[in-house]
Amino acid sequence: MAGTLLAPLSGSPLERLVQVAMERGYTAQGEMFSVTDMGRLAQEALGCQAEVLYGGLGGPNRDHVLQHLVAGHPLLIPYDEDFNHEPCQRKGHKAHWAVSAGVLLGVQGMPSLGYDEDPELPGLFHPAPGTPRQPPSLPEEGSPGAVYLLAKQGKSWHYQLWDYDQVRASNLQLTDFSPSRAADGREYVVPVGGLRAGLCGQALLLRPRDSGH
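Since the structure is predicted, the reported quantities are computational estimates derived from the model, not experimental observations.

Asker: Looking at this structure, I do not really get the overall build of the protein. What am I missing?
Answerer: For the protein, the count of helices and strands is seven helices and nine strands. A separation of at least 24 residues holds for 64% of the contacts in the protein among residues at least 6 apart in sequence. For the protein, the exposed area adds up to about 11600 Å²; of that, 53% sits on carbon and sulfur atoms. For the protein, the centre of its 16 positive side-chain charges and the centre of its 23 negative side-chain charges are spaced 7 Å apart.

Asker: So what exactly am I meant to see when it comes to empty space enclosed by the protein here?
Answerer: Rolled over the atoms, a probe with the dimensions of a water molecule shows which regions are left empty. What the rule picks out here adds up to one cavity of 30 Å³ or more. Lining the largest cavity, in full, are Arg62, Glu140, Glu141, Gly142, Ser143, Gly145, Ala146, Val147, Asp163, Tyr164 and Asp165. Residues of the lining of the largest cavity, tallied by class, amount to three nonpolar, three polar and five charged.

Asker: Which parts of the structure should I look at to understand the nonpolar core?
Answerer: Generally speaking, a soluble globular protein has its nonpolar side chains buried in company with each other. The biggest cluster of nonpolar side chains holds 21 residues, and the ones touching the most others in it are Met32, Met38, Leu41, Leu76, Trp97 and Leu199. Listing elements by their share of this core, those giving two or more residues are α2 (14-23), α3 (35-46), β4 (95-105) and β9 (203-208). Sort the elements by how many residues they give to this core and α3 lands first, with four residues. In this structure, Leu53, Tyr79, Ala98 and Leu149 belong to the second largest nonpolar core, which totals 19 residues.

Asker: Where do I start with the packing of α2 against α3 in this structure?
Answerer: To describe two helices that pack against each other, one gives the angle between their axes and the distance between the axes. The contact between α2 and α3 brings their axes to 10 Å, and the two run at 125°. Between α2 and α3, the crossing angle belongs to the class labelled oblique. For the pair α2 and α3, the crossing hand works out as right-handed. Where α2 abuts α3, its residues Leu17, Val20 and Ala21 lie against Leu41, Glu44, Ala45 and Leu46. Of the residues belonging to the contact of α2 with α3, the class tally is six nonpolar, no polar and one charged.

Asker: Is there a simple way to think about a nonpolar patch on the surface in this case?
Answerer: A contiguous nonpolar patch, built from Leu104, Leu150, Tyr159 and Leu161 and spanning about 310 Å² of accessible area, is present on the exposed surface. Residue placement: Leu104 occurs in strand β4. For Leu104, a relative accessible area of 31% puts it in the partly exposed group.

Asker: Would you explain the state of the cysteines in this entry?
Answerer: Counted under the stated rule, the structure contains zero disulfides. No disulfide involves Cys200; its nearest neighbouring cysteine sulfur is the one of Cys88, lying 14 Å away.

Asker: Is there a simple way to think about helix α5 (residues 164-171) in this case?
Answerer: Residues separated by three or four positions in an α-helix point in the same direction, a consequence of the helix having 3.6 residues per turn. By the burial criterion, the buried members of α5 are Tyr164, Val167, Ser170 and Asn171. In an axial view of α5, the angular spread of the buried residues amounts to 130°, which keeps them on one side of the axis. Considering only its buried residues, α5 is in contact with α4 (60-70), β2 (75-81), β3 (87-88), β7 (147-153) and β8 (160-163). Capping the start of α5, Asp163 holds a side-chain oxygen 3.0 Å from the backbone nitrogen of Asp165, two or three residues further along.

Asker: Looking at this structure, how should I read the pattern of salt bridges?
Answerer: As a working rule, side chains carrying opposite charge can pair if their charged atoms are close by. Counted by the stated rule, this structure contains seven salt bridges. In this structure, Arg24 and Glu23 form a salt bridge, with 3.7 Å as the shortest nitrogen-oxygen distance. The shortest N-O distance in the salt bridge between Glu44 and Arg24 comes to 2.4 Å. Taken together, the residues Glu44 in helix α3 and Arg24 in the loop between α2 and α3 connect sequence positions 20 residues apart.

Calculation criteria
- Residues numbered from 1 in each chain as written.
- Predicted model: local features only at pLDDT ≥ 70, side-chain atom pairs only at ≥ 80, totals over all residues.
- Heavy atoms only, no water.
- Helix = DSSP H or I, 4+ residues; strand = E, 2+ residues; numbered from the N terminus.
- Contact = heavy atoms within 4.5 Å.
- Areas by Shrake-Rupley, 256 points an atom, 1.4 Å probe, with all protein chains shown as cover.
- Lys, Arg positive; Asp, Glu negative; His and termini not counted.
- Charge placed at Lys NZ, Arg CZ, Asp CG, Glu CD.
- 1 Å grid on protein atoms, 1.4 Å probe; cavity = no way out; pocket = protein on both sides within 12 Å on 5 of 7 lines; lining within 4 Å.
- Points joined across faces, edges and corners; volume = space filled by probe spheres on them.
- Nonpolar A, V, L, I, M, F, W, Y, C, P; charged D, E, K, R; others polar.
- Core = buried A, V, L, I, M, F, W, Y, C linked by side-chain atoms within 4.5 Å.
- Buried < 20%, exposed > 50% of the residue type's maximum accessible area, 1.4 Å probe, protein only.
- Axes fitted to C-alpha atoms, helices over the stretch in contact; angles between N-to-C directions.
- Parallel < 35°, antiparallel > 145°, perpendicular 65-115°, else oblique.
- Left-handed = near helix turned anticlockwise from the far one by under 90°.
- Patch = residues over 30% accessible without salt bridge, like charges linked within 9 Å, V, L, I, M, F, W, Y side chains within 5 Å.
- Salt bridge = Lys/Arg side-chain N within 4 Å of Asp/Glu carboxyl O.
- Disulfide = S-S within 2.5 Å.
- Arc of directions from axis to C-beta.
- Polar contact = N/O pair within 3.5 Å; in protein donor to acceptor, adjacent residues only side chain to side chain.

Now the structure itself:
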């Protein structure tokens, strides 16, 4: 999912990623309960840079995440998935991965030069391809409805707009391994410390190997 965003013409097939993950001991069934292991897998299989983010998506990490997305780089986020793929809070029982490929920012004024207004939706602006531009001003934390992630659950075909604070809250409460998984008789790879150590409050920022950051 993120591989096609980093290198659209040479994305690694899912089967290859799972094979590498199993060979490295990161997974047994295709599950990934460690952001650190996911980062190692991305570096090896996708040939990209991978930065593990700790401490949640809020606070000082918020601007770092938004600037990463504004620059056009993908973000991998563990979260609890609701029936409609959107974030929910189930203490990690519905833990899945999402990829965010962009961000929708609610700003007070017209964007600076380097942005084109959408021809069908007045007031919606896109970065103009190949045009130098200033990064947009980021809405203050706590501004309701001001930031949405363009994201999708890992195996979904469709992107959705998710409220940033809902994603942040879902990511921060991944603490418990699903009882149904624990009782299904299958083997899973769970890091020492469980989901709290492997997923809770963590995310993965991916960049092309030649990125200047």
